[in-house]
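Residue-level structural notes
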Amino acid sequence: MNRPRTRPGRRLLSLLVPLLLLAAACTGQSDDAAPDREAVPVPGERWRPGPATSWQWQLSGKLDTSVEAPVYDVDGFDTSREQVAALHKAGRRVICYLSTGAWEEFRPDAAEFPAELLGRGNGWDGERWLDVRRTAELEPLMAARLDMCRDKGFDAVEPDNMDGYANTTGFPLTAEDQLRYNRLIARLARDRGLAVGLKNDLDQVPQLVGDFDFAVNEQCAQYGECELLAPFTDAGKAVFHVEYELPASRFCDRTRKLGFASMQKKYDLGAWRKPC
C-alpha cells in the first residue's frame, strides 16, 4: 500500500432523504447508520459516490461486516463473491482494492509479471514498484485483475500505488508516463462498469479528476494537502480520506467543510475506525 441511475422509488427517496438527514442532524447521529439502499448494482450503470459518503476501509484481518457504513473498501483478492453479495444485501456498496502500480509477491498472479517490470521496493515487505511505461505488458495483467473485481460483483475499484513517478522506483518515470498509465487503469475499470478512484497522486488531481469517479487519500491533513483534493468534491465526487497519526479531533472539522468522508484508522487497516 502506498501511504508516507434511476430505479423504481428513486423519486420518493429523493423526497425522503432531506427529511431523514434533517432528523439525523437534530439527533446528532452520523450517516454511518444509513446504508445505500440502492446498493445492488444496476446492469449498465456505473456507481458514482458523492461527497461526504461515509465508508469503511479494511484490508487486514477477518472482514467485519457489522460496521455501520454505506461503503466498504476491501481487498479484491481476499474478498469472495459471496461476501460482496452479502454486503450488497445489507445495503452496502463495495470497492475492490488492488495494487496497480506495484507488484506483490504474495498475490496468486505474481508469477505472471515479467522480471523486467519489477523495480525497487516501495517500502512494504514483498512489494516492488512496476514500470508503468510498459503498458503493453501491464494492460492484460491489470485487465485480468479488473475482470476479477467485476466478476465478484464489486461496484468500484481502488487502484493503489498510482504515483510511482513521484517516488524512487528504479525507473525514470515522468509525470506524463503516470498520467498515461492512470488513465489506462481508469478506462479499463470503466469499460467493465466499475467506478474508479484516484489513490493519492495529489499533484495530478487537476488533470485526472475527469477520468476518475472518486478519490482515496491518506494523510492529506497531516501534510497540509487536503485542499488539493477539492476539485473532486467541487465536481460532486466523493473523497474517501484517512489519517493514521492525527486524532480525529485534529482534522474532522476541516475535512467535513471540504465535503470529505474522513476517518481515523490504524496502519494495519483492520476493522477499527473512528469516523468524523
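Residues numbered from 1 in each chain as written. Predicted model: local features only at pLDDT ≥ 70, side-chain atom pairs only at ≥ 80, totals over all residues. Heavy atoms only, no water.

Examining the sheet that holds strand 4 (residues 102–104)
Two strands in a sheet stick together by hydrogen bonds in their backbones, pointing the same way (parallel) or opposite ways (antiparallel). Definition in use: Strands qualify as paired when DSSP identifies two bridges or more between them. Under the scheme used here, helices are H or I runs from DSSP no shorter than 4 residues and strands are E runs no shorter than 2 residues, and both carry numbers assigned from the N terminus. With axes taken as lines fitted to C-alpha atoms, and helix axes fitted only over the stretch in contact, angles between N-to-C directions fall between 0 and 180 degrees.
Pairing is antiparallel in the open sheet, where three strands are placed in the order 4-6-5. Taken across any chain shown, the strands that pair with only one partner, and hence form the sheet edges, are strand 4 and strand 5 (118–121). Ignoring which end each strand starts from, the neighbouring axes of this sheet average 40° apart. Sheet topology places strand 5 next to strand 6 (residues 127–130); two bridges connect them, and they run antiparallel. Its bridge partner lying in strand 6, glycine 121 is registered against arginine 128.

What to know about the nonpolar core
Soluble globular proteins tend to bury their nonpolar side chains together. What counts here: Each nonpolar core is a collection of buried residues, namely Ala, Val, Leu, Ile, Met, Phe, Trp, Tyr and Cys, held together in the definition by side-chain atoms within 4.5 Å. Between buried and exposed lies partly exposed: a residue is buried under 20% and exposed over 50% of the maximum accessible area for its type, with that area taken using a 1.4 Å probe on protein chains only. The contact criterion used throughout is that any non-hydrogen atoms of two residues lie within 4.5 Å.
In this structure, Leu229 and Phe232 are the most contacted members of the largest nonpolar core, which totals 53 residues. Those elements that provide at least two residues to this core are strand 2 (71–75), helix 2 (81–89), strand 3 (93–99), helix 3 (135–152), helix 4 (175–191), strand 8 (195–199) and helix 5 (205–208). The greatest single-element share of this core, amounting to seven residues, is contributed by helix 4. If near-sequence neighbours (up to four positions away) are discounted, phenylalanine 232 is found in contact with Leu198, Val205, Val209, Phe212, Phe214, Ala215, Lys237, Ala238 and Val239. Among the nonpolar cores identified, the runner-up in size contains 18 residues, and Trp55, Ala156, Phe214 and Phe240 belong to it.

Some thoughts on the environment of glutamate 82
Its place among the elements puts glutamate 82 in helix 2. Looking at glutamate 82, the relative accessible area reads 58%, which means it is exposed. In this structure, the C-alpha to C-alpha distance between glutamate 82 and lysine 152, residues 70 residues apart in sequence, is 7.9 Å.

Description of the side chain of histidine 241
With respect to the element layout, histidine 241 can be found in strand 10 (residues 238–243). With relative accessibility at 0%, the residue histidine 241 sits in the buried group. Once residues lying within four places of it in the same chain are set aside, the contact partners of histidine 241 are Trp55, Asn217, Gln219, Cys220, Ala221, Cys226, Phe251, Thr255, Phe260, Ala261, Ser262 and Met263.

Points about the pattern of salt bridges
What counts is decided by this rule: Within this document, salt bridges are pairs made up of a side-chain nitrogen of Lys or Arg and a carboxyl oxygen of Asp or Glu, the two lying within 4 Å of each other.
Overall, the coordinates contain 21 salt bridges when judged by the stated rule. Put simply, aspartate 109 and arginine 145 hold a salt bridge, and the shortest N to O gap is 2.7 Å. Of this pair, aspartate 109 sits in the loop between strand 4 and strand 5 while arginine 145 sits in helix 3, and the two are 36 residues apart along the sequence. Among the ionic contacts, a cluster of salt bridges with common partners joins Asp147, Arg150, Asp151 and Arg192.

Things to note about helix 4
What counts is decided by this rule: One less than the number of residues in a helix, times 1.5 Å, gives the span that helix is expected to have.
Look at helix 4: 24 Å from first C-alpha to last across 17 residues, which is about the 24 Å you get at 1.5 Å a residue. Taken together, the buried positions of helix 4 are occupied by Asp177, Gln178, Leu179, Tyr181, Asn182, Leu184, Ile185, Ala186, Leu188 and Ala189. Where helix 4 is buried, its residues touch helix 3, strand 7 (156–160), strand 8 and helix 5. Two residues or fewer past helix 4, glycine 193 is found with a positive phi of approximately 80°.

Some thoughts on the environment of glycine 210
Examined against the element boundaries, glycine 210 turns out to sit in the loop between helix 5 and strand 9 (214–218). Residues glycine 210 and arginine 183, 27 residues apart in the sequence, show an inter-C-alpha distance of 9.9 Å. Residue contacts for glycine 210: discarding those within four places in its chain leaves Arg190 and Lys237.

Here's the deal with the state of the cysteines
Let me state the cut-off plainly: Note on disulfides: each one is a pair of cysteine sulfur atoms within 2.5 Å.
Scanning the entire structure with this criterion turns up three disulfides. Here cysteine 96 connects covalently by a disulfide to cysteine 149, the sulfurs 2.1 Å from one another. Because the torsion about its S-S bond is -55°, the bridge between cysteine 96 and cysteine 149 counts as left-handed. Of this pair, cysteine 96 sits in strand 3 while cysteine 149 is found in helix 3, placing the two residues 53 residues apart along the sequence. Across this residue pair, the class does not change: cysteine 96 and cysteine 149 are buried. Covalent S-S linkage joins cysteine 220 and cysteine 226, the inter-sulfur distance amounting to 2.0 Å. Judged by the sign of its S-S torsion, about 85°, the bond between cysteine 220 and cysteine 226 is right-handed. For cysteine 220, a relative accessible area of 0% corresponds to the buried category. In the protein chain, the bonded cysteines, numbered by position in the sequence, are linked as 1-2, 3-4, 5-6.

This is a description of form; function is not addressed.
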